[in-house]
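Each chain, written out:
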Amino acid sequence: NDKFNAQLTITGTPGFTYVLTDEMGHKEYGNSALTGITQLEVQANYQTNYAITEVKDGNLCLAALSDLTGEAKVSDNKAIISAGNDISVCEKTYDLKGDVKIIAGDPSLVSINWSALPSEVSFGSADKEESTVASQAYGKHIFRLTAVNAGCSTYDEVTVEFVQSPSLALLKSEATICNGETSNMLLSTASVYDNLKLKYLDLTNEVEEDIKTGASNIAFNPSINSSYKLISITDELGCASTLSDVYTVYVLPVPVANAGTKIASCGKSLLLEAVPSLSTSPDYTYVTKWSGDGLFDDISKPNALFTSSKFNENILTWTEEVTANGYR
């Protein structure tokens, strides 16, 4: 886009104005106070031919077209160059796709070079329009494509942001709840972007949850022992990390105590009639117990033999309790 000097020879009454027009219709306007040889500057934007199309003298008389002769050939040696569009990509590699075109000269003699800021990168083919690039660090990098043709240098830049895929930590892998309660799966995530999508398996169904960067939780209220396998976490850009964590919820049954009906007895001893609501299981510890004012032959038996410490009414309590086994 430089200017070059052209020479124009004019005869007639001094005080000239003139117009040069190229093949694309672009016009250059000028004036000269003198007759004879005039030096003028012409803009060089591409390869074209300029011709003089109008001359007017100091008396405002126009020259005949037949008297306007000669032409000037203009070549802009700077390349037309594009480094591509700014982009954000996952991980630390990218395929740069530059484009270099020249208007004048031999294309095989054009020098091409990619460079970077910051410079902690490696190019696959830094002297080609298209080149792979690998960065040592995440973040934004500016890549400059420079082309030199016939001594004329020009460049274009593109910004590439290398984005690290999000990460997730499961803060606790298991929990125990009573049937009807809620268990919260506690998560800690790190990501360039705030909005994330977590995929996991709920039994055999794939579920997708929207979560935020940082601390978050997902609530579960299963009625039976359940495991939730984490599959992946994905950010707004589409950068994803594969997960393998499993969150397990152990569900304890809720006992319903039934001490039986009111019993009348002659004397101070009687056989109790509690009705257990649960049976023993390897999944939990089930404890039953009688309490009251007197003696029990076995406080854990629903049909324990009870001897009261007094006559008249005596209120006895039958208790059922479920707790998680020690390994949970």
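Coordinates for the structure precede this section.
Throughout what follows, the structure given in this document is the object of discussion. (Residues numbered from 1 in each chain as written. Predicted model: local features only at pLDDT ≥ 70, side-chain atom pairs only at ≥ 80, totals over all residues. Heavy atoms only, no water.)

**Concerning the side chain of His-141**
We apply this condition: To qualify as a helix, a DSSP run of H or I must reach at least 4 residues; to qualify as a strand, a run of E must reach at least 2; elements of each kind are numbered from the N terminus. N or O atoms within 3.5 Å of each other form a polar contact, as long as, within protein, one can give a hydrogen and the other can take it, and as long as residues adjacent in sequence are counted only when both atoms are side-chain atoms. Should any heavy atoms of two residues lie within 4.5 Å, those residues are considered in contact.
Mapped onto the elements, His-141 comes out in strand E14 (residues 139–149). A polar contact of 3.4 Å, which involves the side chain of His-141, links it to the backbone oxygen of Gly-139. Leaving out residues up to four positions away in the same chain, His-141 has contacts with Leu-117, Pro-118, Val-121, Ser-135, Val-158, Thr-159, Val-160 and Phe-162.

**Looking at the packing of aromatic side chains**
Counted only if it meets this: Note on ring pairs: Phe, Tyr and Trp rings are taken, using the six-membered ring of Trp, and paired if centres are within 6.5 Å. Classes follow the plane angle, with under 30 degrees stacked, over 60 edge-to-face and the rest tilted. Buried residues are those whose accessible area, probed at 1.4 Å on protein chains only, stays under 20% of the maximum for their type, while exposed residues exceed 50% and partly exposed ones sit between those limits. Charges are assigned to positions over rings by a cutoff of 6 Å between ring centre and Lys NZ or Arg CZ, combined with an angular limit of 35 degrees from the ring normal.
Evaluation of the coordinates by the stated rule reveals nine aromatic pairs. Judged by centre distance (6.4 Å) and plane angle (15°), the rings of Trp-290 and Phe-296 are stacked. Centroid distance Trp-290 to Trp-318: 5.0 Å. Interplanar angle 50°. Geometry classified as tilted. With Trp-290 in strand E26 (residues 284–291) and Trp-318 in strand E29 (residues 317–324), this pair connects stretches of sequence that are 28 residues apart. Across the pair, Trp-318 and Trp-290 agree in class, each one buried. In this structure, Lys-92 is placed above the aromatic ring of Tyr-138, and the distance from its NZ or CZ to the ring centre is 5.0 Å. Above the plane of the ring of Tyr-155 lies Arg-144, whose end atom (NZ or CZ) is 3.9 Å from the centre.

**Observations regarding the sheet that holds strand E18 (residues 183–190)**
Adjacent strands of a sheet pair through backbone hydrogen bonds, lying either parallel or antiparallel. Convention followed: We treat two strands as partners when DSSP finds at least two bridges between them. The axes used here are C-alpha line fits, helices contributing only the stretch in contact, and every angle between their N-to-C directions lies in the interval 0 to 180 degrees.
Strand order in the open sheet formed by three strands is E16-E18-E21, and the pairing between neighbours is antiparallel. The open sheet is flanked by strand E16 (167–170) and strand E21 (214–220), the only strands paired with a single partner. Sheet twist, expressed as the average angle between the axes of neighbouring strands with direction ignored, equals 30°. As paired strands, E18 and E21 are joined by seven bridges and run antiparallel to one another. Across the sheet, the residue bridging to Leu-187 is Ser-216, located in E21.

**Points about the nonpolar core**
Nonpolar side chains in soluble globular proteins tend to end up buried together. Defined as follows: Residues belong to one nonpolar core when they are buried, are Ala, Val, Leu, Ile, Met, Phe, Trp, Tyr or Cys, and are joined through side-chain atoms within 4.5 Å.
In this structure, Met-185, Leu-187, Leu-198, Ile-218 and Tyr-247 are the most contacted members of the largest nonpolar core, which totals 19 residues. Contributions of two or more residues to this core are made by E16, strand E17 (174–178), E18, strand E19 (195–202), E21, strand E22 (226–235) and strand E24 (246–252). If we ignore the near neighbours within four places in the chain, the residues touching Leu-198 are Leu-168, Met-185, Leu-187, Val-207, Glu-208, Glu-209, Ile-211, Ile-218, Leu-230, Ser-232 and Leu-243. Grouped together as the second largest cluster of nonpolar side chains are 18 residues, Val-89, Val-133, Leu-145 and Ala-147 included.

**Considering the pairing of E24**
The buried fraction of E24 amounts to six of the seven residues, a majority that puts the element mostly inside the structure. By the bridge criterion, five bridges tie E17 to E24 in an arrangement that is parallel. Each bridged residue has a counterpart across the sheet, and for Thr-176 the counterpart in E24 is Tyr-250.

**Structural notes on the pattern of salt bridges**
Which entries qualify depends on this criterion: The rule for a salt bridge is simple: a side-chain nitrogen of Lys or Arg has to be within 4 Å of a carboxyl oxygen of Asp or Glu.
All chains considered together, the criterion is met by six salt bridges. Residue Asp-210 is joined to Lys-197 by a salt bridge in which the shortest nitrogen-to-oxygen separation is 2.6 Å. Here Asp-210, found in strand E20 (residues 205–212), pairs with Lys-197, found in strand E19; they are 13 residues apart in sequence, far enough to count as distant. Residue Lys-199 is joined to Glu-206 by a salt bridge in which the shortest nitrogen-to-oxygen separation is 3.8 Å. Its relative accessible area of 29% is what places Lys-199 among the partly exposed residues.

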